[in-house]
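Single-letter residue listing:
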Amino acid sequence: MGDCIFCKITAGESPSYKIWEDDFSLAFLDLFPLSRGHLLVVPKRHVDRLTDLPKEHHGAMLGAVAELCRRVERLAPDYNVGVNQGAIAGQIVFHLHFHIIPRYPDSPGFPKARVRLDPADAESLVKILSAQ
Ligand code: 5GP
Ligand code: ZN
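Just so it is clear, the structure is predicted and the values come from calculations on it, not from any experiment.

### Remarks on helix H3 (residues 119–130)
Right, so step 1: The end-to-end C-alpha distance of H3 is 16 Å, a good match for the 16 Å that 12 residues give at a rise of 1.5 Å each.
Right, so step 2: Of all the positions in H3, only Ala 122, Leu 125, Val 126 and Leu 129 are classed as buried. Buried residues along H3 cover an arc of 105 degrees about the axis, so they all sit on one side. Away from its buried face, by an angle of more than 90 degrees, H3 presents the exposed residues Ala 120 and Lys 127.
Right, so step 3: Against the buried residues of H3 lie strand E1 (18–21), strand E2 (25–29), strand E3 (39–43) and helix H2 (58–72).

Right, here's the structure in full:
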């Protein structure tokens, strides 16, 4: 899909801190995390919305999200899972993605300014989250 950044990431044409993949989907760290370990789960095939995803892929999508939730629990037992659909809802990348955002007791809110992922911490998160 043309200039879609998540298509480029799934095709390996743009870098990402990859956590997990199967034939259907890919999970990688958010480049401007709302919390430590904030990650995104995307279908490899470009669709904008969950309502565009063919029904036969719903199980694979939810299975991938659940697998990544299981891994995020290594960082924090509490987390948000969310999808922004449409610009008014905050969507900025128009390729379906599920956010999984760990929540920590010492930082209950989300930061106002998004700071770019720290490469050293990203490497350590990849180690923790990519283990089976
Ligand atoms: P949305 O607001 O569309 O639901 O979320 C898009 C997310 O993608 C944001 O949290 C943003 O930080 C993240 N993001 C934007 N560009 C990139 C990128 O090139 N690489 C990665 N890993 N994340 C990105
Ligand atoms: Zn795409």
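### Side note on the site of ligand 1
Right, so step 1: In the vicinity of ligand 1 lie 17 residues, with Asp 30, Gly 90, Ile 92, His 99 and Arg 114 positioned nearest.
Right, so step 2: At 2.7 Å from an oxygen atom of ligand 1 is found a side-chain nitrogen or oxygen belonging to Arg 114.
Right, so step 3: Against a free-state accessible area of 520 Å², the protein chains account for coverage of 88% of ligand 1.
Right, so step 4: If you list the elements that add at least two residues to the shell around ligand 1, you get helix H1 (5–10) and E2.

### Side note on the packing of aromatic side chains
Right, so step 1: Throughout the structure, instances matching the rule amount to 1 aromatic pair.
Right, so step 2: Summarising the aromatic geometry, the rings of Phe 6 and Phe 28 are spaced 5.3 Å apart at their centres and angled 75 degrees between planes, so their arrangement reads as edge-to-face. Here Phe 6, found in helix H1, pairs with Phe 28, found in strand E2; they are 22 residues apart in sequence, far enough to count as distant. Like Phe 28, Phe 6 is buried.
Right, so step 3: Here the basic side chain of Arg 103 rests over the ring of Phe 110, its NZ or CZ set 4.2 Å away from the ring centre.

### Description of the environment of Ala 113
Right, so step 1: Summarising the element assignment, Ala 113 is placed in the loop between strand E5 (98–102) and H3.
Right, so step 2: Ala 113 sits in the exposed class, given a relative accessible area of 55%.
Right, so step 3: Put simply, Ala 113 and Met 61 are 52 residues apart on the chain and 30 Å apart in space, counted from C-alpha to C-alpha.

Calculation rules
Residues numbered from 1 in each chain as written. Chains lettered and ligands numbered in written order. Predicted model: local features only at pLDDT ≥ 70, side-chain atom pairs only at ≥ 80, totals over all residues. Heavy atoms only, no water. Helix = DSSP H or I, 4+ residues; strand = E, 2+ residues; numbered from the N terminus. Expected span 1.5 Å × (residues − 1). Buried < 20%, exposed > 50% of the residue type's maximum accessible area, 1.4 Å probe, protein only. Arc of directions from axis to C-beta. Contact = heavy atoms within 4.5 Å. Near = heavy atom within 4 Å. Polar contact = N/O pair within 3.5 Å; in protein donor to acceptor, adjacent residues only side chain to side chain. Areas by Shrake-Rupley, 256 points an atom, 1.4 Å probe, with all protein chains shown as cover. Phe/Tyr/Trp six-rings, centres within 6.5 Å; stacked < 30°, edge-to-face > 60°. Lys NZ or Arg CZ within 6 Å of the ring centre and 35° of its normal.

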